[in-house]
Amino acid sequence: MNKHPELDVEALIDEITDRLSRRIAEQKLDDPALIGIRTGGVWLAARLRERLGIETPLGELNIAFYRDDFSRIGMHPTVEPSQLPFDIDGRDLVLVDDILYTGRTIRAAMNEIFDYGRPRTITLVVLVDRSGRELPIDANVYGTRLTLAADEHVKLLGPDPLRLEFCATRT
Amino acid sequence: MKIRLRGGRLIDPQSGTDAVADLWVDGDRIVAIGRKPAGYGAPAREIDARERIVCPGFVELGARLREPGAEHKASIASELEAAAAGGFTTVCCTPDTSPVIDTPAVVELINQRARGVRGARVLALGALTHGLAGEVLAEMHALKAIGCVGVTNAGRAIRDTGVLKNALAYASTLGLTVFLDAEDPWLGAQGVMHEGAHSTRIGLPGVPAAAELIGLARDLVLVAETGARAHFRTLSCAGAVKYIRDARKAGLAVSADVGIAHLHLTDTDVAAHDAACHVRPPLREARDRDALRRALARGQVDMLSAHHQPHDADAKAAPFAASAPGISGLDSFLPLLLELVEAGVMDLTRAVAACALAPARLLGLDSGTLAVGALADVTVFDPRHDWTLDAASMRSQGHNTPFLGQRLRGRVTHTLVGGRLVHELDA
Amino acid sequence: MHDDIQLDERGQLRHFLTIERLPRELLVDILDNAERFTVVGDRAVKKVPLLRGKTVVNLFFEPSTRTRTTFELAAKRLSADVMNLNIEASATRKGESLADTLRTLEAMNTDMFVVRHQDSGAPEFIARQVSPEVSVINAGDGRHAHPTQAMLDMFTIRRFKQSFESLCVAIVGDVAHSRVARSEIHALKTLGVPEVRVVGPKTLLPVGLETLGVSVHHDLDEGIAGADVVIMLRLQQERMQSALLPSGHEYFHTYGLTPKRLKRAARDAIVMHPGPINRGVEIDSAVADGSQSVILQQVTHGIAVRMAVMSMVLGSHAQAA
């Protein structure tokens, strides 16, 4: 396994906050609402919401019913159901997840969001953009890019403190 | 033909014999027990009966052979062969065929079909009412003349008490034994299994024990009134024993039998709504089974029946209530009988009496004993032979039995009907 | 002699035929999953793609609009394709056996059968005939079971009472002919409800009920005294015709739930009914429409519970589940 430098999550969040602020201004996003993907994405989105001073309550997405591997793994809902406490139609959304890997989670998340309504835009923010994409999906804002071997995995632990952990098998 | 059965353990309830000895047959008669009779010469066939039991052939009091009318289920040939393989030398067939046995012609048809079959002999039970419809009396004299050994309504209820009384009176006039299936037609109408905690649990409509008791009570009163000779078929509940016992004490000419399955299975065996356990009368509770066993042990009920009802696979391939009732019982009769002996319900002599001697006496047959001069209806079986009851080993065309797939102990090796070897188990 | 075919080798729910013999954890799983599905009905697009591409056949041998519609809605909200077969109108009238009807249907590549049949044991019979990848859900068989109804009733109880642990539940009415009652009794006992009472006249209570773990009462006031949940069962017209009861009028007088009688129950007792209700026979309109009635909520819960059960049984076929 490659040796990875100890990643400072708080520092990465600072970076992301900056980049996201700039992007919101550049893209002229109007009062964007944050949606975090459970569970790691929600922790991250909560931090961002606080730092950016966004008033709209936080949306939380449980993508269990939108996964593409139901035939392979069956029913495994282990987290709370989705909650989007605002109107999706015509809204600028910021979708937040901890790790962007194959892209399937984001695909599922977007499908779910569209079943709630039709957003004006979706901006994707991730803490770690790692190699191994299987779908044509890219983050608009990311904390850091990593190249990992196929058998290497990284995950976000939290909620307090937030830290990244590397391991050899998928958990 | 001269046949010697060598070295078997002879069990003859009539004489009380239980000893190892040779049995000598000549033609259709038993000619000697023990030493070879003078002038016998050499036997044409010697059957090695060592380590085996030799007893009078079993007599079945009511089997459905399905022919004529339901040949997709079974035939006279297949079932008489199965009977012999099961140790039965005489089988009474019930009149619920199509056409019903309410004319001599149907009896002749059956006799004709049975001719040449290498199996048990068949005796017909004639209909009590015409078409078994319970309205008009059948021509019982004609049926008796052609050879029917009794009459019955084969489980079809006779609702009109007046008709039943007349039927009993008429049969009695002719000296015919009436075989009765006691069940109140209304209480039993909707049910498909015993009414009790188990039917409540699995949600099937039930037949209360009261249905049998009320039917029995009604029929016994009429038997007393008419002086008829009655035999009650396949009792299923504890209360019935007392009714029969009291009737006999009062001097009525009544007798009863129990289906062998009812001495082993109970209502809780109807587990997964399994149609194999769908039978009429229904399997009742453990306490009923135990009471019937006690009744047998004490001689209050002294006859057993295979209660043979073969079915085609489709008849049972349905949810319980939609399936046809009945168990194919000839093949498994002997092992189940021996299990009762093993369980201490009765000894081997009594067991043989219950399925050979007593039924033969009821029917007035020349068989049921191993006495010198008696008809050579003989069964030889190995009480220790282990085998599996399955489609390959069953001789009946119907494989509808809850015992399918089970390991059983005890198997018939040879069966003689009137001195003819009609069944021999392949080694 | 009897093997339970509801659970596969990993203990997952493969068919949903009866509550009996299912472990408590599994029932709780169904309730928890149903909880997750309730939010789907509040969204703009009331669907999740979980069972997309799967075919569900509603095989109803007994007429039923409400149960069939609920199952249909549940399947559609899971994005499955649904086919409705009202068999009483077609093949079996022509005398086709159940086994043959099944063979014809299996050729259509169905993933799930939802079965309602007048014979107890028919859904299990079907479950034993279908190929291994197909699941069967019992929508009510004879007098035997109606497990999804029982689960939506449990869901409703949990929603209003939070815990099953110290409840007293009374089931009132025609238990003898009720598959719902039997399933409810099993569910309540398995979930740990300490006191389950059954109330009704002798003609409507079957033999040996106590063996199911309930206490039997013939007086309504005594039977619902202090109960936290009162479940009223429907009284069908046939019962009067088969001489089990003299009249609906007399039944209402002796066992009908009126506001006055309801006062005997606990102050915050909830009133349930599997529906459809017979106003003025087993229940007074004032109670059915009153503040303690949760009958309408039961109906909405029915969709979420059925979505949960359908997802779980089809999810059990996953190789790595």
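Every chain is numbered independently, its residues counted from 1 as its sequence is written. Lettering of chains starts at A and numbering of ligands starts at 1, both following the order in which they are written. The model is predicted, so local features are restricted to residues of pLDDT at least 70 and side-chain atom pairs to those at 80 or more, both for listing and for counting; the totals for chains, interfaces and linings are taken over all residues. Values shown for side chains rest on all heavy atoms present in the structure; no hydrogens or waters enter the calculation.

Some words on the overall build of chain B
Quick note on the threshold: Strands here are runs of E lasting at least two residues and helices are runs of H or I lasting at least four, both read from the DSSP assignment and numbered beginning at the N terminus. The atom set for the radius of gyration is the C-alpha atoms, and the globule formula is 2.2 Å times the number of residues raised to the power 0.38. A simple rule labels every residue: compare its accessible area, found with a 1.4 Å probe on the protein chains alone, to the largest value its type can have, and call it buried under 20%, exposed over 50%, or partly exposed in between. Contacts are assigned to residue pairs that have any heavy atoms within 4.5 Å of one another. Only the protein chains shown count as cover for residues, and all accessible areas are computed by the Shrake-Rupley method using a 1.4 Å probe. In this tally Asp and Glu are treated as negative and Lys and Arg as positive; neither His nor the chain ends contributes. Taken as the charge centre is NZ of Lys, CZ of Arg, CG of Asp or CD of Glu, depending on the residue.
On a plain count of helices and strands, chain B comes out with eleven helices and 18 strands. Relative to the globule expectation of 22 Å for 427 residues, the C-alpha radius of gyration of chain B, 21 Å, shows essentially globular dimensions. Counting only C-alpha atoms and orienting by the principal axes, one finds that chain B spans roughly 65 × 45 × 45 Å. Buried positions account for 61% of the 427 residues belonging to chain B. By sequence separation, contacts in chain B at least 24 residues apart represent 74% of the contacts at least 6 residues apart. Accessible surface computed for chain B: about 15200 Å², of which carbon and sulfur atoms make up 48%. Seen as two clouds, the 45 positive and the 48 negative side-chain charges of chain B have centres 4 Å apart.

A short note on the interface of chain A and chain C
Formally: Summed over both partners, the accessible surface that disappears when two parts come together, traced with a 1.4 Å probe, is what is meant by buried area. Put simply, a salt bridge is a Lys or Arg side-chain nitrogen that is within 4 Å of an Asp or Glu carboxyl oxygen. Basically, the charged four are Asp, Glu, Lys and Arg, the nonpolar ten are Ala, Val, Leu, Ile, Met, Phe, Trp, Tyr, Cys and Pro, and anything else, Gly included, counts as polar.
Facing 18 residues of chain A, the contacting portion of chain C comprises 21 residues. Counting the surface lost from both chain A and chain C, the interface buries some 1700 Å², and carbon and sulfur atoms represent 65% of this. Contact with chain C buries area across many residues of chain A, yet Phe65(A), Phe70(A) and Met75(A) alone supply 38% of it, more than any other trio. Remark: the boundary between chain A and chain C carries two salt bridges. One salt bridge connects Arg43(C) with Glu112(A), and the closest N-O pair in it is separated by 4.0 Å. Counting residues per element, the ones that place at least two in the side of chain A that touches chain C are helix H3 (70–73) and helix H4 (104–116) of chain A. Taken together, the residues that form the side of chain A that touches chain C break down as eleven nonpolar, four polar and three charged.

Brief notes about the confidence of the model for chain B
This is how the line gets drawn: Along the chain, pLDDT gives the predictor's confidence residue by residue, from 0 to 100.
Summary statistics for chain B give a mean pLDDT of 96 and a share of 100% for residues scoring 70 or more. Here the predicted complex carries an ipTM of 0.84, next to a pTM of 0.86.

Observations concerning the sheet that holds strand S7 (residues 88–93) of chain B
Residues and elements named next belong to chain B. Put simply, the rule reads: Two strands pair if DSSP finds at least two bridges between them. Every angle, taken between N-to-C directions, lies between 0 and 180 degrees, and every axis is a line fitted to C-alpha atoms, over only the stretch in contact when it is a helix.
Read across the sheet, eight strands follow the order S6-S7-S8-S9-S10-S13-S14-S15 without closing on themselves; strand pairing throughout is parallel. Edge strands, defined here as strands with exactly one partner in the open sheet, are strand S6 (58–63) and strand S15 (303–305). The sheet shows a mean angle of 30 degrees between the axes of neighbouring strands, direction not considered. In the sheet, S6 pairs with S7 via four bridges, with the strands oriented parallel. In the strand pairing of S7, Val59 is matched with Thr90. Where helix H6 (residues 209–226) meets the sheet, it contacts strand S10 (178–180), strand S13 (230–232) and strand S14 (254–259), and its direction lies at approximately 165 degrees from that of S13.

Topic: the arrangement of the chains
Most contacts, when the two pairs of chains in contact are compared, are made between chains A and C. The least C-alpha distance between chain A and chain B, which are not in contact, is 28 Å.

Comments concerning H4(A)
Residues and elements named next belong to chain A. As a reminder, the rule being used: Expected span of a helix, by definition, is 1.5 Å for each gap between consecutive residues, and there is one gap fewer than residues.
Between its terminal C-alpha atoms H4 stretches 19 Å, which fits the 18 Å expected from 13 residues at 1.5 Å a residue. Considered for burial, the residues of H4 that qualify are Ile106, Ala108, Ala109, Glu112, Ile113, Asp115 and Tyr116. Taken together, the buried residues of H4 touch strand S1 (33–37), strand S2 (59–61), strand S3 (92–100) and strand S4 (121–130).

Structural notes on the nonpolar core
Put simply, the rule is: Residues enter a nonpolar core if they are buried and are Ala, Val, Leu, Ile, Met, Phe, Trp, Tyr or Cys, with the set joined through side-chain atoms within 4.5 Å.
Membership of the largest hydrophobic core comes to 102 residues, with the highest contact counts inside it found for Phe58(B), Leu80(B), Phe232(B), Leu235(B), Leu304(B), Phe333(B) and Leu337(B). Among residues more than four places away in sequence, those in contact with Leu80(B) are Leu65(B), Val91(B), Ala114(B), Val117(B), Gly119(B), Ala120(B), Arg121(B) and Val122(B).

Focus: the packing of helix H2 (residues 65–77) of chain C against helix H12 (residues 295–315) of chain C
All names here are of chain C. Formally: Roughly parallel covers angles under 35 degrees, roughly antiparallel covers those over 145, roughly perpendicular covers 65 to 115, and oblique covers all other angles. Take the far helix as your reference; a near helix turned counterclockwise from it by less than a right angle gives a left-handed crossing, and one turned clockwise gives a right-handed crossing.
Across the interface, H2 lies against H12 with an axial gap of 8 Å and an inter-helix angle of 60 degrees. Classified by the interaxial angle, the pair formed by H2 and H12 is oblique. H12 is crossed by H2, and the crossing has right-handed handedness. Residues Thr67, Thr70, Phe71, Leu73, Ala74, Ala75 and Arg77 of H2 form the contact with H12, whose participating residues are Gly302, Ile303, Arg306, Met307 and Met310. Per-class residue counts for the contact of H2 with H12 are seven nonpolar, three polar and two charged.

Some words on the packing of aromatic side chains
Applied cut-off: Within 6.5 Å between ring centres, the rings of Phe, Tyr and Trp (the latter by its six-membered ring) count as paired, and their orientation is classed by plane angle as stacked under 30 degrees, edge-to-face over 60, tilted in between. Comment: the charge-over-ring label is applied if NZ (Lys) or CZ (Arg) is within 6 Å of the ring centre and within 35 degrees of the ring normal.
A full pass over the atoms with the stated rule returns six aromatic pairs over all chains. On the basis of an interplanar angle of 5 degrees and a centroid distance of 4.2 Å, the ring pair of Phe65(A) and Phe37(C) is categorised as stacked. Of this pair, Phe65(A) sits in the loop between S2 and H3 while Phe37(C) sits in helix H1 (residues 24–38), each in a different chain. The pair Phe65(A) / Phe37(C) is uniform in exposure class, with both members buried. The interplanar angle of 75 degrees and the centroid separation of 5.6 Å between the aromatic rings of Phe58(B) and Phe88(B) together place this pair among those described as edge-to-face. Here Phe88(B) lies in strand S7 and Phe58(B) lies in strand S6, a separation of 30 residues in the sequence. Given a relative accessible area of 0%, Phe58(B) falls into the buried group. We classify Phe88(B) as buried; its relative accessible area is 1%. An aromatic cluster of at least three residues, connected via ring pairs, comprises Phe58(B), Phe88(B) and Phe333(B). It is Arg91(A) that lies over the ring of Phe86(A); its NZ or CZ is 5.7 Å from the centre.

Here we look at helix H8 (residues 286–298) of chain B
All names here are of chain B. In this model H8 runs 18 Å from its N-terminal to its C-terminal C-alpha over 13 residues, within 8% of the 18 Å that 1.5 Å per residue would give. For H8, the set of buried residues is Asp288, Ala291, Leu292, Arg293, Ala295 and Leu296. A positive phi of about 80 degrees marks Gly299, the residue just after H8.

A closer look at the environment of Gly326(B)
Residue and element names in this part refer to chain B. You can see Gly326 is positioned in the loop between helix H9 (313–316) and helix H10 (333–342). The sequence separation of Gly326 and His311 amounts to 15 residues, and the corresponding C-alpha distance is 7.5 Å. With near-sequence residues (within four places) excluded, Gly326 lies in contact with His278, Val279, Gln309, His311, Lys316 and Asn400.

Here's the deal with the interface of chain C and chain B
Heads up, the rule is: Pairs of N or O atoms are called polar contacts if they sit within 3.5 Å, as long as, within protein, a hydrogen donor faces a hydrogen acceptor (for residues adjacent in sequence, only side-chain-to-side-chain pairs).
Every contact between the two is made by 22 residues of chain C and, on the other side, 21 residues of chain B. Between chain C and chain B, a total of about 1700 Å² is buried, with carbon and sulfur atoms accounting for 62% of that surface. Joining chain C to chain B, the criterion identifies one salt bridge. Close ionic contact of Glu20(C) with Arg201(B) constitutes a salt bridge, the shortest N to O distance being 2.6 Å. On the surface where chain C and chain B come into contact, there are five residue pairs in polar contact (both at pLDDT 80 or more). Secondary-structure elements contributing two or more residues to the side of chain C that touches chain B are helix H3 (98–106), helix H4 (122–129) and helix H6 (179–190) of chain C. For the side of chain C that touches chain B, the element with the highest residue contribution is H4(C), accounting for four residues. Class assignment for the residues of the side of chain C that touches chain B results in nine nonpolar, seven polar and six charged.

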